[in-house]
Amino acid sequence: MRTRFPPSPTGMLHVGSLRTALYTYILAKKTNGKFLMRIEDTDRARQVEGAIENFLTNLAWAGIVPDEGVMMKDGVLSQSGPHMPYIQSEREATGIYRKYADELVKKGHAYPCFCTSERLEQMLKQQEQRHQPPMYDRQCLELPGHEIKSRLDAGEPHVIRLKVPHERVITFNDDIRGPVSFQGHTVDDQVLLKSDGFPTYHLAHVVDDHLMEIDLVTRGEEWLSSLPKHLLLFEFLGWPVPRYAHLPLLLNADKTKLSKRQGSVSVDEYRNKGYLPEALVNFLALLGWNPGTTQEIFTLAELTEQFDLARVQKSGAILDLTQLD
Ligand code: GLU
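Along each chain, residues carry numbers from 1 onward, in the same order as the chain's sequence is written. Reporting in this predicted model follows two pLDDT cut-offs: at least 70 for local features of residues, and 80 or more for side-chain atom pairs to be given and counted; totals over whole chains, interfaces and linings ignore these cut-offs and use all residues. With hydrogens and water excluded, all non-hydrogen atoms of the structure serve as input to the side-chain values.

Asker: What am I meant to see in the pattern of salt bridges here?
Answerer: Opposite charge on two side chains makes pairing possible when the charged atoms of those side chains draw close. For salt bridges, the criterion is a side-chain nitrogen of Lys or Arg within 4 Å of an Asp or Glu carboxyl oxygen. Counting across every chain of the model gives 18 salt bridges. E68 is paired through a salt bridge with R2; the nearest N and O atoms lie 2.8 Å apart. Taken as a pair, E68 in strand β3 (residues 68–73) and R2 in strand β1 (residues 2–5) lie far apart in primary sequence, 66 residues in all. Across the pair, exposure class does not vary: E68 and R2 are buried alike. Taking the shortest distance from any N to any O, the salt bridge between R151 and E156 comes out at 2.8 Å. On the accessibility criterion, E156 (25% relative accessible area) is partly exposed. Residues participating in the shared-partner salt-bridge network are R4, R38, E40, R91, D208 and D209. By the criteria applied, helices consist of DSSP H or I runs no shorter than four residues and strands consist of E runs no shorter than two, each listed in order from the N terminus. Exposure is judged per residue with a 1.4 Å probe applied to protein chains only, and the accessible area is read against the type maximum: over 50% gives exposed, under 20% gives buried, and values in between give partly exposed.

As structure tokens, then:
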């Protein structure tokens, strides 16, 4: 099985991402498959210098080394594998995402939107006042073909949006959550390509996971609500859908989403405090998964043997540091 860990380099590796990487790595190793590392750096404004190196060194410290993609060789960042490049900004430069966005427009599954950020802000404000869910109101979907053409020819700034079929019910069987279904009319017409030509996560990961032959997508459950958009993209591009497993979030003791404000979240902090990688790996593996036995101490090899998505819990797992000491 081919699995992937595709962080955005917007901060240093935190324990939640380490746990996701760990499960993802184990699932590839269990099947003698490949664990791939991709960098999702399409949000240029949020990038943090040194983040990629930090991810790779901390993963290696925990015993997790990519088989393919972005890796460290003799302390230097490098890439290796049959699907180069593995950094999305470099992939963007090849025109790959625009190519598929154009294909979607041509097939009638996506459309250009010329709305300014001021207009969109105004629209959202009005929706809030009317207690309506925030959603693009499709003003640009109604534009006549000749107007679209002349505005595009004039080089007017625009984004490309997915045209979600409102009448559809989109269903899927998630590897952790089981059957899930979404009403099309509740799904927003997602921006796929931004006005700077960069893809959003939604388009980029679908294109890359397909081209990189990923069998199973493991990611945090914060992405579950976006799943219908991704399923539609696979369908409209005529590609098979990989398996998806949405992992429960790590939570603070008060059940809010894990945050820096309530304790240590970066892997660096644990390393600096002197925790052994084996202890942190063991601790994180058991946050949200249990072996179904009384065994509490696992090596990475034992985890690889025993880990099973069927025993991953469906709801959030609390990060209680007193258990680690
Ligand atoms: N770049 C995304 C993130 O860092 C990856 C999500 C995914 O695994 O697809 O949240």
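Asker: Which parts of the structure should I look at to understand the site of the ligand?
Answerer: Note on terminology: near, applied to a residue and a molecule or strand, indicates that one of the residue's heavy atoms is within 4 Å of it. Around the ligand, the neighbouring residues are R4, P6, P7, S8, E40, Y201, T218, R219 and W223. Interatomic distance of 2.9 Å between a backbone N/O atom of P6 and a nitrogen atom of the ligand. Contact between the ligand and E40: a nitrogen atom at 2.6 Å from a side-chain N or O atom of the residue. Exposure was quantified through the Shrake-Rupley algorithm and a 1.4 Å probe, taking into account, for residues, occlusion by the shown protein chains and nothing else. For the ligand, whose free accessible area comes to 300 Å², the fraction covered by protein is 81%. Among the residues forming the shell around the ligand, the class breakdown is four nonpolar, two polar and three charged. The definition of a polar contact used here is a pair of N or O atoms within 3.5 Å, where within protein one atom must be able to donate a hydrogen and the other to accept one, and adjacent residues in sequence count solely through side-chain atom pairs. Three residue categories are used. Nonpolar comprises Ala, Val, Leu, Ile, Met, Phe, Trp, Tyr, Cys and Pro, charged comprises Asp, Glu, Lys and Arg, and polar comprises the others, including Gly.

Asker: Honestly, the sheet that holds strand β6 (residues 159–162) in this entry has me stumped. Any pointers?
Answerer: In sheet architecture, strand pairing relies on hydrogen bonds along the backbone and comes in two forms, parallel and antiparallel. Read from one edge to the other, the open sheet built from three strands follows the order β5-β6-β9, with strand pairing classed as antiparallel. The open sheet has two edge strands, β5 (110–113) and β9 (191–193), and neither has a second partner. Each strand of the sheet is rotated relative to its neighbour by a mean of 45°, with strand direction disregarded. Whether two residues touch is decided by their heavy atoms; if any such pair falls within 4.5 Å, the residues are in contact. Between N-to-C directions, angles span 0 to 180 degrees; the directions come from axes that are lines fitted to C-alpha atoms, helices contributing only their stretch in contact. Lying on the sheet, helix α4 (residues 96–106) is in contact with β5, β6 and β9; it crosses β9 at an angle near 125°. When DSSP finds at least two bridges between two strands, those strands are taken to pair.

Asker: Teacher, can you tell me more about the environment of R151 here?
Answerer: Tracing the sequence through the fold places R151 in helix α6 (residues 145–153). When near neighbours in sequence (up to four residues on either side) are disregarded, R151 contacts F114, L143 and E156.

Asker: Mind showing me how you'd approach the side chain of T20 here?
Answerer: Note on placement: T20 falls in helix α1 (residues 15–30). When sequence neighbours within four positions are dropped, the list of residues in contact with T20 reads T218, R219 and L247.

Asker: Sorry if this is basic, but what is going on with α4 here?
Answerer: Residues spaced three or four apart along an α-helix face the same direction, because each turn holds 3.6 residues. Buried within α4 are the following residues: I96, Y97, Y100, A101 and L104. Each buried residue of α4 lies within a common arc of 135° when the element is viewed along its axis, so the set occupies one face. Considering only its buried residues, α4 is in contact with α3 (88–92), β5, β9, α7 (201–211) and α8 (227–236). Note on α4: the residue one or two positions beyond its end, G108, has a positive phi of about 85°. Comment: arc refers to directions from the helix axis out to C-beta atoms.

Asker: I'm lost on the packing of α4 against α7 in this one. Help?
Answerer: Between two packed helices, what matters for the description is the angle formed by their axes and the separation of those axes. Axis separation between α4 and α7 bottoms out at 10 Å; the angle between their running directions is 105°. It follows that α4 is roughly perpendicular to α7 by the angle criterion. Across from I96, Y97, Y100, A101 and L104 in α4, the residues of α7 making contact are L203, A204, V207, D208 and L211. Of the residues contributing to the contact of α4 with α7, the split by class is nine nonpolar, no polar and one charged. Here the angle decides the label: under 35 degrees means roughly parallel, over 145 means roughly antiparallel, 65 to 115 means roughly perpendicular, and every other value means oblique.

Asker: What exactly am I supposed to notice about unusual backbone geometry here?
Answerer: Outside of glycine, negative phi angles account for most residues, and trans bonds account for most peptide bonds. The omega torsion across M84 and P85 is -10°, close enough to zero to call that bond cis. The backbone phi angle of N32 is positive, close to 55°, even though this residue is not glycine. With respect to the element layout, N32 can be found in the loop between α1 and β2 (34–37). Of note, the phi angle at H131 is positive, near 55°, even though the residue is not glycine. Looking at the element boundaries, H131 is found in the loop between α5 (117–129) and α6.

Asker: Teacher, can you tell me more about the pairing of strand β7 (residues 169–174) here?
Answerer: Regular strands have side chains that alternate between both faces of the sheet. Covered by surrounding structure in β7 are I170, F172 and D174 only, the residues V169, T171 and N173 on the alternate face being uncovered. Direction of pairing for β7 relative to strand β8 (residues 178–183): antiparallel, over a ladder of six bridges. Considered in β8, the bridge of D174 is made with G178. The turn joining β7 and β8, which pair antiparallel and follow one another in sequence, is formed by three residues.

Asker: What should I look at first to understand the packing of α1 against helix α10 (residues 277–285) in this one?
Answerer: Between α1 and α10, whose axes approach to 10 Å, the crossing angle comes to 80°. In this view, α1 runs roughly perpendicular relative to α10, as classed from their interaxial angle. Only L280, V281, L284 and A285 of α10 make contact with α1, whose side of the interface consists of V15, L18, R19, L22 and Y23. Of the residues belonging to the contact of α1 with α10, the class tally is eight nonpolar, no polar and one charged.

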